[in-house]
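# A closer look at the structure
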Amino acid sequence: MSRWSRPHLSLTRSSGFSLVELIIIIIILGILSAVALPRFFRPADFEARFVVDHLKIAMQYAQKRAVNGGCQTEFRLTTTGFSLWSDSVCNGATPVYSNAINHPSDGGAFSVTFPTGVTLKTPVPPLTLRFTTFGTITNSADALIAAPLTLQIQQADVVRNIIVHGSTGVIE
């Protein structure tokens, strides 16, 4: 074989997929993703989870603020959302919860409205929790929450729980 000659290359391929086969596979995958994926990723799952996570973070923030700041804080939960308040007197006597706590990220009032369809199933709102300077949790009558309190957040058929232990201050 000389330097200038090459072996004859065949113009036909013996392996691989044709363009038509690839297009058909792409169409089938598109149909499957349009039909099947929404069943795995429902917005209700994410919104209920978001509300539960936000509630836990807000309660833990109020608790830490009470312990570190030396003034009791109040967590008010209604049917439409929640807000955080601080004792304006802060002298250990009768607390007055009139100062709205500012949100650490934007500086505005720490008040959150639930997304549409998200509700507090139990206990029946309104609910007031107070965080003492010792980290314990009391109700609106300043009585220690002795038994674990379960908050159930629901959207559609998705129910998520938050458990509050008043005597230890644990929020899970």
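To be clear, the structure that these remarks concern was listed above.
Let me sum up the structure you'll find in this document. (Residues numbered from 1 in each chain as written. Predicted model: local features only at pLDDT ≥ 70, side-chain atom pairs only at ≥ 80, totals over all residues. Heavy atoms only, no water.)

## Section: the sheet that holds strand β9 (residues 158-165)
With antiparallel pairing, the four strands of this open sheet are ordered in space as β5-β8-β9-β10. Whereas interior strands pair on both sides, the edge strands pair on one side only; in this sheet they are β5 (119-122) and β10 (170-171). Here β9 pairs with β10 via two bridges, running antiparallel. Bridged to H165 within β10 is V170. (Pairing = 2+ DSSP bridges. Helix = DSSP H or I, 4+ residues; strand = E, 2+ residues; numbered from the N terminus.)

## A closer look at the packing of aromatic side chains
Applying the stated criterion across every chain, the model contains four aromatic pairs. Seen from their ring centres, F82 and F114 are 6.4 Å apart, and the 50° between their planes marks the pair as tilted. Of the two residues, F82 is situated in strand β2 (residues 81-87) and F114 in the loop between β4 (111-113) and β5; the sequence distance between them amounts to 32 residues. Overall, the relative accessible area of 3% leaves F82 in the buried class. A relative accessible area of 8% places F114 in the buried class. Each residue in the set Y61, F75, F82, F110 and F114 is aromatic and connected to the rest through ring pairs, giving one cluster. (Phe/Tyr/Trp six-rings, centres within 6.5 Å; stacked < 30°, edge-to-face > 60°. Buried < 20%, exposed > 50% of the residue type's maximum accessible area, 1.4 Å probe, protein only.)

## A word on the nonpolar core
Soluble, globular proteins show a tendency: their nonpolar side chains are buried together. Counting residues in hydrophobic clusters, the biggest one holds 28 residues, and the most contacted among them are L55, M59, F75, L77 and F82. Elements represented by at least two residues in this core include exactly α2 (43-69), β1 (73-77), β2, β6 (127-131), β8 (149-155) and β9. When near neighbours in sequence (up to four residues on either side) are disregarded, F75 contacts L55, A58, M59, F82, S83, L84, L127, T128, L129 and F131. (Core = buried A, V, L, I, M, F, W, Y, C linked by side-chain atoms within 4.5 Å. Contact = heavy atoms within 4.5 Å.)

## Things to note about the environment of P123
In this structure, P123 sits in the loop between β5 and β6. Sequence-wise, P123 and Q152 are 29 residues apart; in three dimensions their C-alpha atoms are separated by 7.4 Å. Apart from residues lying up to four places away in sequence, P123 is in contact with L149, T150 and L151.

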